[in-house]
Amino acid sequence: MLQEIRDFDTILVDPSDEKTFSDAARALQEGEVVGMPTETVYGLGADARNPEAVKKIYEAKGRPSDNPLIVHVASKEMIKNLVSEINPIAHVLIDAFMPGPITIVMKKSPIVPDCVSAGLDTVGIRFPIHPIAQKLIKESGVPVAAPSANLSGSPSPTKAEHVMKDMKGRIPYIIDGGECQVGLESTVVDATGNWPQVLRPGAITIEDMEEALKAAGIEKPLELKLHKATPEEAPRAPGMKYRHYAPTCPVKIIGNGTLDDFSNYLVYYKQEVQNAFMEGKTKVGLFLGEEIAEQLKVLFEDKKERIVYYIYGATGDIDAASHHLFDGLRTLDEDRAQLIVAPAFPEEGLGIAYMNRLFKAASENENSIDPQKNERNILFICSGNTCRSPLAEAIFRSIFKATGPHNMKANPEVPAIVTASSAGTFAENGAEYTRDSVQLANFEYEEDISQGRSRIVTEEMITKQDLVLCMTADLSRYLRFKYPDMGDKVYSFQELIDDLSIPNVDGEVTDPYGYEYLVYMETAKQLDNIIRELMPEILDKWGMV
Ligand code: TXA
Ligand code: MG
């Protein structure tokens, strides 16, 4: 077993336990990060006025972010300090929808640091209606900056156990507020102009807002009446390359979402299941309504081991489907489904937000790696290919053997085969590996690399790889520059560590060449640590265990 690195013994707080709850509130006050429930999804909260505290959110999430954070308050009074202006539009929206599942973007005040607004002159304000969120914010007395409490790449958490799964060891407290009622993130609306603009659809729709504004005597500007307001995607955080390897399996959306089409859904599910089995998939996950599930269970009685059912509620119930969507995706993925089938809903009301999240889930995994392929190649890169990368290759092989036997997640009878090799960006073809590296590999890892010879990395070599791992970010940048088409699979250790949100691992491996044996030993230790941390994650992405 690999030892988990853990900063915190994360405490799951029962909110009725006043003492522990106060501890969590105090931690928040003192600049710590706390997992908190809201009616939409769980958030990862920290004092919005304290840049050091906000930095810890990014550390817990595992990556620096240039996406702005929203700030949570527990009263309308608290909003005043955070914004420089509340225009008439914002006024109406605040009065009509707060507290509730909406985030209103307004001009920020100087209190909001740049790390929260990501350098914008605006800030998103959210006043959750969840009583426990309100209590936490009130008791700590701080405005709380909070993104959703998931690791990048996984769906937003809607249960405390989801947060625990993603954040265990990374933060001191998670407050258990049960299941989030809405289940999809808040509507984000830009209220800085003369008409609200939806940046992210949610439970509060543009029609709801139009109605409230109309009731307050504010009419839609004439020029906008000509265009139908369509929901748009909020700006996405860059630097998510590794999302191609997203852990969730492919998601297939069935139906066209019209109410007429709903009567055909049983047939669609049946077809998808049959197709998946024909394609050799061993397990299919279905996100579906009760009535359809009952009929499918009868139809596929003889295949019940290969179908996982996640029933969200009554078939046409969009509230239930939205409420359960993220939990459904997580659950079916954890059950090792190789395909998740989920229904389209009419794109109106909450259906707009539901479809927005479902499309995202479906498109994020389009490029996902074939989970059936049981042979993979990994290439380690340093500059000369005489010290670091041959050692990395040997250490990888040794750890792979020691932690094995490895096999395919989907089919434990199929062995997982990973071939490790090494090369250098400026290597001299045919040069011998340094004696120290050969000795270390031999004595510490029982790997004989004495016959290995240096190779300069070539395009052909990279083409054959599933993953190319460089000792330093300089090297990975160089390779991506030289071979831009293949940049997707080139990482430095540190970049991959950041992308996978692994805390507390120093991934920059400097060159021991020319130094004494002791320095080589340090290098080996560092490589050992890095590879032990990365290996299970890499295997997981490849559908291996
Ligand atoms: O329901 C929610 O909103 C949850 C709970 C925890 O409150 N929070 C949440 O936060 O989903 P996050 O960081 O995962 O998503 C916030 C979204 C991002 O897409 C961000 O780009 C957008 O809101 N956003 C935040 N501030 C903004 C601003 N000033 N201008 C434009 N977009 C903004
Ligand atoms: Mg999020």
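Quantities reported herein were computed from a predicted structural model and do not represent experimental measurements.

1. Looking at the overall build of the protein chain
- Tallying secondary structure elements over the protein chain gives 19 helices and 18 strands in all.
- In terms of overall dimensions, the protein chain is globule-like: its C-alpha atoms have a radius of gyration of 26 Å, near the 24 Å expected for 545 residues.
- Taken along its principal axes, the extent of the C-alpha atoms in the protein chain is 80 × 60 × 50 Å.
- Looking at the protein chain as a whole, 57% of its 545 residues are labelled buried.
- If you take every contact in the protein chain between residues at least 6 apart in sequence, the share linking residues at least 24 apart comes to 72%.
- Taking the average location of the 56 positive side-chain charges in the protein chain and that of its 83 negative ones, the two points are 1 Å from each other.

2. Some remarks on the nonpolar core
- Ile378, Phe380, Leu469 and Leu534 are the most contacted members of the largest nonpolar core, which has 51 residues in total.
- In contact with Leu534, not counting residues within four places along its chain, are Leu469, Phe493, Leu496, Ile497, Leu500 and Ile502.
- With 50 residues, the next largest nonpolar core counts Leu69, Val92, Val123 and Cys180 among its residues.

3. Side note on the site of ligand 1
- Contacts to ligand 1 come from 25 residues, most closely from Thr40, His72, Arg126, Ser186 and Arg200.
- Within the side chain of Ser186, a nitrogen or oxygen atom sits 2.6 Å from an oxygen atom of ligand 1.
- Within the contact set of ligand 1, an oxygen atom lies 2.9 Å away from a side-chain nitrogen or oxygen of Arg200.
- Its free accessible area being 680 Å², ligand 1 has 93% of it covered by the protein chains.
- Where the shell around ligand 1 is concerned, the elements lending two or more residues are strand E4 (70-72), strand E5 (102-107), strand E6 (122-126) and strand E10 (197-200).

4. Notes on the domain arrangement of the protein chain
- Annotation of the protein chain at the domain level lists domain 1 (2-215), domain 2 (251-362) and domain 3 (375-541).
- One C-alpha centre belongs to domain 2, the other to domain 3; they are set 40 Å apart.

5. A word on the environment of Pro15
- Counting through the fold element by element, Pro15 comes out in the loop between strand E1 (11-13) and helix H1 (18-29).
- In sequence terms Pro15 and Gly177 are 162 residues apart; their C-alpha atoms lie 7.2 Å from each other.
- If near-sequence neighbours (up to four positions away) are discounted, Pro15 is found in contact with Phe21, Ile132, Lys135, Ile175 and Asp176.

6. Quick word on the pairing of strand E13 (residues 307-313)
- Among the 7 residues in E13, 6 count as buried, and that is most of the element.
- For the crossover from strand E12 (residues 284-289) across helix H11 (residues 290-299) to E13, the handedness is right-handed.

7. Quick word on H1
- Taking 1.5 Å as the rise per residue, H1 with 12 residues should run 16 Å; its terminal C-alpha atoms sit 16 Å apart, in good agreement.
- All buried positions along H1 are accounted for by Thr20, Phe21, Asp23, Ala24, Ala25, Ala27 and Leu28.
- Where H1 is buried, its residues contact E1, strand E2 (34-36), strand E3 (43-47), helix H6 (131-140), strand E7 (144-145) and strand E8 (173-175).
- At the C-terminal side of H1, Gly31 shows a positive phi close to 95°.

8. Notes on the sheet that holds strand E11 (residues 251-254)
- Reading across from one edge, E11-E14-E12-E13 is the order of the 4 strands in this open sheet, with parallel pairing throughout. Of all strands in the sheet, those with a lone pairing partner are E11 and E13, marking the two edges. This sheet shows a mean twist of 20° between the axes of neighbouring strands, independent of strand direction.
- Pairing between E11 and strand E14 (residues 339-343): 4 bridges, direction parallel. From the neighbouring strand, Ile253 faces E14, where its bridge partner is Ala342.
- Running at roughly 135° to E12, H11 makes contact with E12 and E13 of the sheet.

9. With respect to the packing of helix H15 (residues 435-445) against helix H19 (residues 517-541)
- Running from amino to carboxyl end, H15 crosses H19 at an angle of 55°, the nearest separation of the two axes being 10 Å. Relative to H19, the element H15 lies oblique. Viewed along their axes, H15 and H19 form a crossing whose handedness is right-handed. Facing H15, whose interface residues are Asp436, Ser437, Gln439, Leu440, Phe443, Glu444 and Tyr445, H19 presents Tyr517, Tyr520, Met521, Ala524 and Asp528.
- Grouping the constituent residues of the contact of H15 with H19 by class yields 7 nonpolar, 2 polar and 3 charged.

10. Some thoughts on the environment of Ile449
- Mapped onto the fold, Ile449 is located in the loop between H15 and helix H16 (459-463).
- With residues up to four places along the chain from it excluded, the contact list for Ile449 reads Pro390, Ala394, Arg397, Tyr433, Ser437, Val438 and Ala441.

11. Observations regarding the environment of Gly349
- Structurally, Gly349 is set in the loop between E14 and helix H13 (350-364).
- According to the relative accessible area criterion, Gly349 is partly exposed, its value standing at 27%.
- As a C-alpha pair, Gly349 and Ile206 span 143 residues in sequence and 8.6 Å in three-dimensional space.

12. Let's talk about the pattern of salt bridges
- The full count for this structure, using the stated rule, is 30 salt bridges.
- Across the pair Glu495 and Arg480 runs a salt bridge whose closest N-O atoms are separated by 2.9 Å. Residue Glu495 is located in helix H18 (residues 493-499), and its partner Arg480 is located in helix H17 (residues 473-482); the two are separated by 15 residues in the primary sequence. With respect to class, Glu495 is no different from Arg480; both count as buried.
- Residues participating in the shared-partner salt-bridge network are Glu393, Arg397, Lys401 and Glu447.

13. Topic: the side chain of Ser156
- As for its position among the elements, Ser156 is in the loop between E7 and helix H7 (160-167).
- What Ser156 contacts, discounting residues up to four positions off in sequence, is Val41, Ser148, Asn150, Glu185, Phe326 and Arg330.

14. Quick look at the packing of aromatic side chains
- Counted according to the given criterion, the structure contains 11 aromatic pairs.
- Note on Phe345 and Tyr354: the rings are 5.1 Å apart at their centroids and 75° apart in plane angle, and the pair reads as edge-to-face.
- Plain terms: the ring middles of Phe380 and Phe396 are 5.7 Å apart, the flat faces sit at 55° to each other, and that makes the pair tilted. Highlighted residues: Phe380 in strand E15 (residues 375-382) and Phe396 in helix H14 (residues 388-403), separated in sequence by 16 residues. Judged on exposure class, the residue Phe380 and its partner Phe396 are both buried.
- An aromatic cluster of three or more residues is present, and its members are Phe262, Tyr265, Tyr268, Phe287, Tyr310, Tyr312, Phe345 and Tyr354.
- In this structure, Lys135 packs its charged tip against the face of Phe21, placed 4.4 Å from the ring centre.
- Cation over ring: Lys297 sits above Tyr309, and NZ or CZ is 5.1 Å from the ring centre.

What counts and how
- Residues numbered from 1 in each chain as written.
- Chains lettered and ligands numbered in written order.
- Predicted model: local features only at pLDDT ≥ 70, side-chain atom pairs only at ≥ 80, totals over all residues.
- Heavy atoms only, no water.
- Helix = DSSP H or I, 4+ residues; strand = E, 2+ residues; numbered from the N terminus.
- Rg over C-alpha atoms; globule rule 2.2 N^0.38 Å.
- Buried < 20%, exposed > 50% of the residue type's maximum accessible area, 1.4 Å probe, protein only.
- Contact = heavy atoms within 4.5 Å.
- Lys, Arg positive; Asp, Glu negative; His and termini not counted.
- Charge placed at Lys NZ, Arg CZ, Asp CG, Glu CD.
- Core = buried A, V, L, I, M, F, W, Y, C linked by side-chain atoms within 4.5 Å.
- Near = heavy atom within 4 Å.
- Polar contact = N/O pair within 3.5 Å; in protein donor to acceptor, adjacent residues only side chain to side chain.
- Areas by Shrake-Rupley, 256 points an atom, 1.4 Å probe, with all protein chains shown as cover.
- Domains from an automatic or database assignment.
- Right-handed = clockwise from strand over helix to strand, strands pointing away.
- Expected span 1.5 Å × (residues − 1).
- Pairing = 2+ DSSP bridges.
- Axes fitted to C-alpha atoms, helices over the stretch in contact; angles between N-to-C directions.
- Parallel < 35°, antiparallel > 145°, perpendicular 65-115°, else oblique.
- Left-handed = near helix turned anticlockwise from the far one by under 90°.
- Nonpolar A, V, L, I, M, F, W, Y, C, P; charged D, E, K, R; others polar.
- Salt bridge = Lys/Arg side-chain N within 4 Å of Asp/Glu carboxyl O.
- Phe/Tyr/Trp six-rings, centres within 6.5 Å; stacked < 30°, edge-to-face > 60°.
- Lys NZ or Arg CZ within 6 Å of the ring centre and 35° of its normal.

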